[in-house]
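# Structural description and commentary
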Amino acid sequence: MTEPVGRTRTSASTSAGSRVAYGKIAGTVALVAAAVVLIMTVGVTPPDDAPASDDTRTAAPVPGAAAPTPAPPAPIDRPNASDAARLTSWAKRLARRTTIPARALVAYGRTEMWMRSEAPDCRLSWATVAGIADVASEHGTVDGGRIGRDGLATTPILGPLRDGTNGTAKVPDTDDGELDGAARWDRAVGLLQIMPERWQRWRARAARDGEAPDPHHIDDAALTAGRILCDSKADLSTPKGWWQAVRYYRGGGDGVGFARKVFTSADRYATRGR
């Protein structure tokens, strides 16, 4: 028989019921307390000598332990035929998967294609160039900029002066301020943030039209970046070679922090592009 709502039992079972209810409340309080402790523990940053997390999605990349995920290759370069249509189609397809601007992907893909013949032992992937561009300028979108259809950045991109302040190494001027607008200290320039001395040595004009290479043009910047990476004489398809080349590209200091950022971006783009 169902009892009316709100009626209280007056039998001996009342005492037993109270004990059960109290037990349930105590158990609930214990669980809540445990949860609070767990949340506080998760939010604590472990010391530097703590073992690395087993969750590889959040653990920092270990230098030399692995190379980024292999990326789907750029189209095959055909020296005696135009690859513009195939490269553009490839870039548009990857742009949807990676969120990288298609115009930038054309430059990264072309760099991989051309470095296959210029430095075949380098085994450079477009994803590594894209990773550097992401760290350097977010593919030209830093500070509200963008890359135009002509490949030029809408605004010049200049790095901090390498004058020994704010954690930078001292790099005296090498270009009389011609590229970076600074006459005493050098600073990285352009979409791939290349130092003037290296730009002067490895610069290349992707259009091959006789005009001077421009660090603010994505095609020229990407191709020059590829040449610098391959100047390391490393095989970027191997863990050791990849870390060596990217740290070499950075120049100054050990470059580990920079290489870790590039690894994370390059690995993400390669994975999404597959």
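One can find the structure itself at the top, above this paragraph.
Notes on the structure follow. (Residues numbered from 1 in each chain as written. Predicted model: local features only at pLDDT ≥ 70, side-chain atom pairs only at ≥ 80, totals over all residues. Heavy atoms only, no water.)

## Some words on the packing of aromatic side chains
Here is the rule: Each pair of aromatic rings taken from Phe, Tyr and Trp, with Trp reduced to its six-membered ring, is defined by centres within 6.5 Å and is described as stacked if the planes are under 30 degrees apart, edge-to-face if over 60, and tilted in the remaining cases. Classification of residues uses two cut-offs on accessible area relative to the type maximum, computed with a 1.4 Å probe and protein chains only: under 20% is buried, over 50% is exposed, and between them is partly exposed.
Overall, the coordinates contain five aromatic pairs when judged by the stated rule. On the numbers, 5.4 Å between centres and 75° between planes, the contact of Trp 242 with Trp 243 is edge-to-face. Comparing Trp 242 with Trp 243, the two get one shared label, buried. Ring geometry for Tyr 249 versus Phe 258: centroids 6.3 Å apart, planes at 10°, classification stacked. Neither residue differs from the other here; Tyr 249 and Phe 258 are each classed as buried. Connected via pairs of aromatic rings, a cluster forms that spans Trp 242, Trp 243 and Phe 263.

## A closer look at the pattern of salt bridges
Inclusion rule: By definition here, a salt bridge exists when the distance from a side-chain nitrogen of Lys or Arg to a carboxyl oxygen of Asp or Glu is within 4 Å. Strands here are runs of E lasting at least two residues and helices are runs of H or I lasting at least four, both read from the DSSP assignment and numbered beginning at the N terminus.
This structure, assessed with the given rule, holds ten salt bridges. A salt bridge links Asp 235 to Arg 123; the nearest nitrogen and oxygen atoms lie 3.3 Å apart. Placement of the pair is Asp 235 in the loop between helix H6 (218-231) and helix H7 (239-250) and Arg 123 in the loop between helix H3 (102-118) and helix H4 (126-137), with a sequence separation of 112 residues. Take Asp 235: its relative accessible area is 23%, and that puts it in the partly exposed class.

## Here we look at the side chain of Arg 187
Note the threshold: Positive: Lys, Arg. Negative: Asp, Glu. His and the chain ends are not part of the count. Identification of polar contacts relies on pairs of N or O atoms within 3.5 Å, with a donor-acceptor requirement for protein atoms, meaning one able to donate a hydrogen and the other able to accept it, and with residues adjacent in sequence counted only if both atoms are side-chain atoms. What makes two residues a contact is simply this: any of their non-hydrogen atoms within 4.5 Å.
In this fold, Arg 187 is placed in the loop between H4 and helix H5 (196-202). Asp 180 provides the closest opposite charge to the buried, unpaired Arg 187, separated from it by 5.1 Å. Of note is the side chain of Arg 187, whose polar atom sits 2.9 Å from the backbone oxygen of Asp 180. Setting aside its immediate chain neighbours within four residues, Arg 187 contacts Leu 158, Gly 159, Pro 160, Leu 161, Arg 162, Asp 180, Gly 181, Ala 182, Ile 194, Met 195 and Pro 196.

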